[in-house]
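Each chain is listed here by its residues.
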Amino acid sequence: MPLLIRRSISLVFIVWFCLAISASQGSNPHRAGGVIPKGEILVKGAVPAASDSTTPLPEDGKVVDGRYRNDYFGLVYPIPDKWSEQAAGPPPSDSGSYVLEQLALVDREQRVKAHVLITAQDLFFSALPVANATELIAALRAGLAPLYEIEREPDEVKIAGRTFARFRYKSAVAGLHWRILSTDVRCHAVTFTFTGTDTEALDDAERGLRDISLNPDAPSCVAGYASGENVLERIDPHFSARRYNTIPVRVIIDREGKVKHIHLLSAFLDQSDTIIAALRQWHFKPYLRDGRAAEVETGLVFGTPRTILRLPGK
Amino acid sequence: MAVISDVVVQPFGKEVYVNRRVAASVFVSLLLIPIGAFSQVDPGVRGTVGSDTAGHPLNSVNSDNPATILSFFNDGKSRFQEVDSVSHGSIMGELGAGLGPRYNSRSCAACHAQPAVGGSSPAVNPQFADATADGATNTIPSFITLSGPVREARFVFFTDGAGNPITTSPNGGVEDLYTIAGRSDAGLCTAAAISQPNFTSAVAHNNVIFRIPTPVFGAGLLENIEETTLLNFQASTVGNPFGVAGTFNHNGNDGTISRFGWKAQNKSLEIFSGEAYNVEMGVSNELFTQERPLPEEDMASGLPTPCKINATPEDHTNFNTTAVLTPSDAVQFAMFMRLLEAPKQSKKFPGGETSITNGEALFKSIGCNACHTQIFSQSPSAITPGLGGTPLFGQWSDLEIHHMGSGLADNVSQGTAGGDQFRTAPLWGLGQRIFFLHDGRTSDMVVAVQEHFSSGSEANTTKLNFDALTTPQKQDIINFLRSL
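Cut-off values and rules
Residues numbered from 1 in each chain as written. Chains lettered and ligands numbered in written order. Predicted model: local features only at pLDDT ≥ 70, side-chain atom pairs only at ≥ 80, totals over all residues. Heavy atoms only, no water. Core = buried A, V, L, I, M, F, W, Y, C linked by side-chain atoms within 4.5 Å. Buried < 20%, exposed > 50% of the residue type's maximum accessible area, 1.4 Å probe, protein only. Helix = DSSP H or I, 4+ residues; strand = E, 2+ residues; numbered from the N terminus. Contact = heavy atoms within 4.5 Å. Pairing = 2+ DSSP bridges. Axes fitted to C-alpha atoms, helices over the stretch in contact; angles between N-to-C directions. Phe/Tyr/Trp six-rings, centres within 6.5 Å; stacked < 30°, edge-to-face > 60°. Polar contact = N/O pair within 3.5 Å; in protein donor to acceptor, adjacent residues only side chain to side chain. Disulfide = S-S within 2.5 Å. Salt bridge = Lys/Arg side-chain N within 4 Å of Asp/Glu carboxyl O. Patch = residues over 30% accessible without salt bridge, like charges linked within 9 Å, V, L, I, M, F, W, Y side chains within 5 Å. Areas by Shrake-Rupley, 256 points an atom, 1.4 Å probe, with all protein chains shown as cover.

A closer look at the nonpolar core
Judged by nonpolar contacts, the single largest core of 48 residues is most densely connected at Phe363(B), Ile366(B), Ile477(B) and Leu481(B). Every element with two or more residues in this core is listed here: helix H2 (133-143), strand E9 (162-171) and strand E10 (176-185) of chain A together with helix H12 (353-365), helix H13 (445-450), helix H14 (460-467) and helix H15 (471-483) of chain B. If near-sequence neighbours (up to four positions away) are discounted, Ile477(B) is found in contact with Gly359(B), Leu362(B), Phe363(B), Ile366(B), Phe466(B) and Leu469(B). Grouped together as the second largest cluster of nonpolar side chains are 39 residues, Leu58(B), Phe73(B), Cys108(B) and Met337(B) included.

Focus: the sheet that holds strand E13 (residues 220-221) of chain A
All names here are of chain A. Here 5 strands make up an open sheet; going across it, the order is E1-E16-E15-E20-E13 and the pairing mixed. Two strands lie at the open edges of the sheet, namely strand E1 (47-50) and E13, each paired on one side alone. Pairing of E1 with strand E16 (residues 259-267), which is carried by 3 bridges, proceeds in the antiparallel orientation. Within E16, the residue paired with Ala50 across the bridge is His263. Across the face of the sheet, helix H4 (residues 269-279) comes into contact with E1, strand E15 (246-253), E16 and strand E20 (296-303) while running at roughly 160 degrees to E16.

A few points about the packing of aromatic side chains
Residues and elements named next belong to chain A. Within this structure, the stated rule accounts for 23 aromatic pairs over all chains. Consider the rings of Tyr72 and Phe73, whose centres lie 4.9 Å apart with planes at 85 degrees: the pair is edge-to-face. With relative accessibility at 0%, the residue Phe73 sits in the buried group. Here Phe192 and Phe194 contribute two aromatic rings whose centre-to-centre distance is 6.5 Å and whose plane-to-plane angle is 15 degrees, an arrangement assigned as stacked.

Overview of the environment of Arg441(B)
Residues and elements named next belong to chain B. With respect to the helices and strands, the residue Arg441 is situated in the loop between strand E13 (421-423) and H13. With a relative accessible area of 32%, Arg441 lands in the partly exposed category. Counting along the chain gives 127 residues from Arg441 to Glu314, while the straight-line C-alpha distance between them is 35 Å. Not counting residues within four places of it along the chain, the set of residues in contact with Arg441 comprises Gly407, Leu408, Phe436 and Glu451. Only 3.0 Å separates the side chain of Arg441 from the backbone oxygen of Gly407, close enough to count as a polar contact.

Notes on the pairing of strand E7 (residues 112-122) of chain A
Residue and element names in this part refer to chain A. Most of E7 is tucked away: 10 of the 11 residues are buried. Of the strand pairs in this sheet, strand E6 (residues 97-106) and E7 are connected by 9 bridges, and their pairing is antiparallel. Paired with Val106 across the bridge in E7 is Val112. Between E6 and the antiparallel strand that follows it, E7, lie 5 residues; Gln110 among them carries a positive phi value of about 70 degrees. Here E7 runs beside strand E11 (residues 188-196); their pairing, made up of 9 bridges, is antiparallel.

As for the state of the cysteines
All names here are of chain A. Overall, the coordinates contain 2 disulfides over all chains when judged by the stated rule. A sulfur-sulfur distance of 2.0 Å marks the disulfide that ties Cys187 to Cys221. Between Cys187 and Cys221 the disulfide shows an S-S torsion of about 90 degrees. By sign, it is right-handed. Placement of Cys187 in the loop between E10 and E11 and of Cys221 in strand E13 is noted, with a sequence separation of 34 residues between them.

As for the pattern of salt bridges
For the structure on display, the rule yields 38 salt bridges over all chains. The partner of Arg152(A) in a salt bridge is Asp155(A), with the nearest N and O atoms 3.0 Å apart. Its relative accessible area of 33% is what places Arg152(A) among the partly exposed residues. A network of salt bridges, in which partner residues are shared, links Glu94(B), Arg106(B), Asp130(B), Asp134(B), Arg183(B) and Asp185(B).

Quick word on the side chain of Asn207(B)
Inspection of the secondary structure puts Asn207(B) in the loop between helix H6 (199-204) and strand E11 (208-211). Of the polar contacts made by the side chain of Asn207(B), one reaches the backbone nitrogen of Phe157(B); its length is 2.9 Å. For Asn207(B), the residues in contact, after removing those within four places along its chain, are Ile36(A), Arg154(B), Phe155(B), Val156(B), Phe157(B), Thr159(B), Pro165(B) and Ala202(B).

Considering a nonpolar patch on the surface
Together, Val124(B), Phe128(B), Ile140(B) and Leu146(B) give the surface a local cluster of nonpolar side chains, amounting to about 320 Å² of exposed area. Assignment of secondary structure puts Phe128(B) in helix H5 (residues 126-130).

Given below as structure tokens:
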């Protein structure tokens, strides 16, 4: 008995010690004299950045009170019962692809019954010339490997008052079904990909889409607005290093034609600083909506331009 | 070396895959409950059966097309195997020269060994003997073990005088394990003149990461893939239902896609040869012309003078000799690697034909091939027909770099690849490998797959698909991987 007590005391001490260490590391971001923490990405490559910290960004969604909430897309998605949030996805790609959220239904044996991947493809920067969600789904259909069986050819369906491009297929060998629903928001195709072996769980989750809201409080988005005669004044960023990465940038231009907000999807820190400083000096013709000056959101590419290639199967 | 794994179900219900030896001790000490009796296991390193062996030249090279190419291959291969000493003829049986003053091992083939010359880390780590070879007096760092993987070490950050990492100063350069001090041919380069990096401190501060050798079978085929082929594949993955969206690493000088190394940091086999000769063995050459100091030395006063023993470059074009012997070692290493045939898949082992075929279909269905894809070569080769045309060769890699998350991140940035970005590892030849992943952290194929899942990884969705499969289905995938 005394031995047991001694053991549990030392256990408590060990736990306290570990907590103390992790707390002290947390409070010291530079960790001078410290041990490099495991499982942290400290040396970054190209990452997203923005000109201010208040304007919502596509990558900033999160789960709160059983809902996935994304202010950029005005999206609120109620998480199906018993589904849980999975490890975060990668940062936005230099081709405008976002992994917004990943949720899964996992059984007691840790087997995944079904999961949903919420993604967004920025239609300004895609490596394929796709103009909207319907074309994105068409490209997926065209490139689908023969080892899958189509369960439902792409069509359109109205859910929660919006039009979604829909596509369903399965893999017989894996016993997995894919149900894909994609809709246009702010010149992005926002896509829900439900995958799993358990078709009832998939039905449930898909039905859950009826309760989503997708109402961004957003200016009009216009591809290629920041070009040609619309640009009245332009200061090119001068980079200190040559890197050959593609730097997709979204901007919101205000009614006076000044840049109000800048979001770099993928850039090295020095590149972001240079681009933000340059773009702040740009001046555009004000965008007109119904004859009146209005805010507009558009995209620009710095660094190495992306080669836009053919559609698969064409 | 067969490594078998079991699934241990921890009290909180999460599967953990461990090596059986470790599993046994964990089992006894923590009294964990059931061992999953029907879980998928890695059948272990596939033996060589007949023509399945790697290490042969391409067919067109074997038939000497164009004439004399086979003699270039054979000469390159023997130079790749040469053990280097510091100066020519200083030590019996060590035919190469220029070793050190800093080095990781003493021949290309020492590290690139399994299952044949040109491969990856062998079962017995040559770096164990390298430490004291020919009288050298090196201390073996804690992370180098006799049965562990060959390791190249890099410090993540530069450090202050007390060895504390300065997290605003990324280092990432290779820290050679050893010096020539004490060797019979080291002259005045003694332990008083040169010392090993402080690995004990780096380990204590978790400031060191590792890389194991990548095999070079079929490397010429990778070198010969058109950029358009790669870009087309990338475009074809737009809208994929797995959340995968990679990018390419580029050569900083001409901006073209680079493709060799764990982060696709190098453009060509010849550049890699020159760099490896310089970095791994300490041999200066026509591509990397000076003796290489450590990154810290480079920022201070360079290598100590008594340790710069030979005139440079130590390896160079040889004049007044036969055609085959004229090119430098670096050029001939590259030629040997370029002309090596791709590894061949086994149709039956392990697990039988049905399981392997099924495994391949499953691998593709769940999206592993959104990254690990097969691409056809499309450009005719001016070197030998076997490198051109459109043969089917399954490298199982898009040669893109992908975010692999916090679990695999090594916090080394190379070119445009950041701390967690890695080139999709080509999976050909996997069946006969002993160690997996960039740092050789596991010998268990199942663990190699599990490690794809962590915060920030592009492979998370694919891994969830994997976890949706039944145990026999997962076993088929593992068998397929071991058949490669």
